[in-house]
Amino acid sequence: MPGSGINVGDHRCQSWLILEAYRNGRQITALGPGVEFVTDEIVVFGEQKHVCDILALRQSDGREVPVLIELKSSREMKRLVEQLGVADLIDAEAGRIEQRFSATLGREVGFGGPCERWLLWSMLPGRDDAPQAVELAELGIVPVGYRLLGRIFRVFR
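Residues numbered from 1 in each chain as written. Predicted model: local features only at pLDDT ≥ 70, side-chain atom pairs only at ≥ 80, totals over all residues. Heavy atoms only, no water.

Novice: Before we go on, may I ask you to explain the pairing of strand S3 (residues 63-72) in this structure?
Specialist: Across the 10 residues that make up S3, a large majority, nine, are buried. Taken together, the seven bridges between strand S2 (residues 49-60) and S3 define a ladder with antiparallel strand orientation. Among the inter-strand pairings, Ser-60 is bridged to a residue of S3, identified as Arg-63. Hairpin remark: S2 followed by S3, antiparallel, with two residues in the connecting loop; positive phi at Asp-61, about 55 degrees. (Buried < 20%, exposed > 50% of the residue type's maximum accessible area, 1.4 Å probe, protein only. Helix = DSSP H or I, 4+ residues; strand = E, 2+ residues; numbered from the N terminus. Pairing = 2+ DSSP bridges.)

Take a look at the structure:
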């Protein structure tokens with residue numbers, strides 16, 4: 001939608017991931033095993049208001065860890081890193097967030113580690129990797145690329 005600040009590809013990918021989760025018992029299988037969809041478009045307040053694209057829960061070595069997933073087509077590194085900084089707020093309010101996850105999932109949730117920061121962005125033409133993958137990994141961000149193939153998305157991790 002030109003001029004709106006909304007990237008239609010990002011929203012289509014987000015909708016596709018959520019649909020996949022609802023078709024698979026909340027599991028977002030495209031993102032790997034043990035990634036459970038919790039909610040989307042949740043507002044988190046810190047110094048500024050931020051809307052989290054997707055919040056998930058990942059099974060990792062027998063522990064559950066929260067995952068903040070942001071979908072972006074822009075490659076503005078500074079802004080992307082700032083937006084993923086909301087994970088710090090999730091960690092600071094871990095008890096309240098665990099309660100919210102428990103209520104949403106209908107079972108007891110206890111975080112066994114800090115919130116993971118995942119960045120999903122559309123892949124550059126002709127590439128199957130994120131050009132800044134090393135830099136993102138050094139910042140503790142998991143880069144995940146996606147590409148629209150007809151009516152489905154292919155995810156690169």
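Novice: Even after reading the chapter, I still don't get the pattern of salt bridges, so can you show me in this structure?
Specialist: When their charged atoms lie close together, side chains carrying opposite charge are able to pair. All told, the structure shown has five salt bridges when counted by the stated rule. With its nearest N and O atoms 2.4 Å apart, the salt bridge here joins Asp-88 to Arg-117. Placement of the pair is Asp-88 in helix H3 (residues 86-92) and Arg-117 in strand S4 (residues 116-122), with a sequence separation of 29 residues. Overall, Asp-88 belongs to the partly exposed group, its relative accessible area being 45%. Overall, Arg-117 belongs to the buried group, its relative accessible area being 17%. In this structure, Glu-93 and Arg-96 form a salt bridge, with 3.1 Å as the shortest nitrogen-oxygen distance. (Salt bridge = Lys/Arg side-chain N within 4 Å of Asp/Glu carboxyl O.)

Novice: Can you help me understand the side chain of Arg-26 in this one?
Specialist: Tracing the chain through its elements places Arg-26 in the loop between helix H1 (8-23) and strand S1 (35-45). Of the side chains bearing the opposite charge, Glu-36 lies closest to the buried Arg-26, which forms no salt bridge; the N-O distance is 4.7 Å. Arg-26 has contacts with Ala-21, Val-35, Glu-36, Phe-37, Val-38, Thr-104 and Leu-105, leaving out every residue within four places of it along the chain. (Lys, Arg positive; Asp, Glu negative; His and termini not counted. Contact = heavy atoms within 4.5 Å.)

Novice: How do you make sense of the packing of aromatic side chains when you look at a structure like this?
Specialist: Centre-to-centre distance and the angle between the planes together describe a pair of aromatic rings. According to the stated counting rule, one finds two aromatic pairs in the structure shown. An angle of 65 degrees between the planes, with centres 5.7 Å apart, marks the rings of Tyr-22 and Phe-37 as edge-to-face. Here Tyr-22 is found in helix H1, whereas its partner Phe-37 is found in strand S1, with 15 residues between them in sequence. On the accessibility criterion, Tyr-22 (54% relative accessible area) is exposed. Taking relative accessible area as the criterion, Phe-37 reaches 2% and is therefore assigned buried. Seen from their ring centres, Phe-101 and Phe-111 are 5.4 Å apart, and the 80 degrees between their planes marks the pair as edge-to-face. (Phe/Tyr/Trp six-rings, centres within 6.5 Å; stacked < 30°, edge-to-face > 60°.)

Novice: What exactly am I supposed to notice about the layout of surface pockets here?
Specialist: In this structure, the second largest pocket occupies an estimated 320 Å³ of space. Lining the second largest pocket are 12 residues, with Gln-48, His-50, Glu-82, Gln-83 and Val-86 positioned closest to its centre. Here the lining of the second largest pocket takes three residues from helix H2 (residues 77-84), the largest share from any one element. Residues belonging to the lining of the second largest pocket are distributed by class as follows: three nonpolar, five polar and four charged. (1 Å grid on protein atoms, 1.4 Å probe; cavity = no way out; pocket = protein on both sides within 12 Å on 5 of 7 lines; lining within 4 Å. Points joined across faces, edges and corners; volume = space filled by probe spheres on them. Nonpolar A, V, L, I, M, F, W, Y, C, P; charged D, E, K, R; others polar.)

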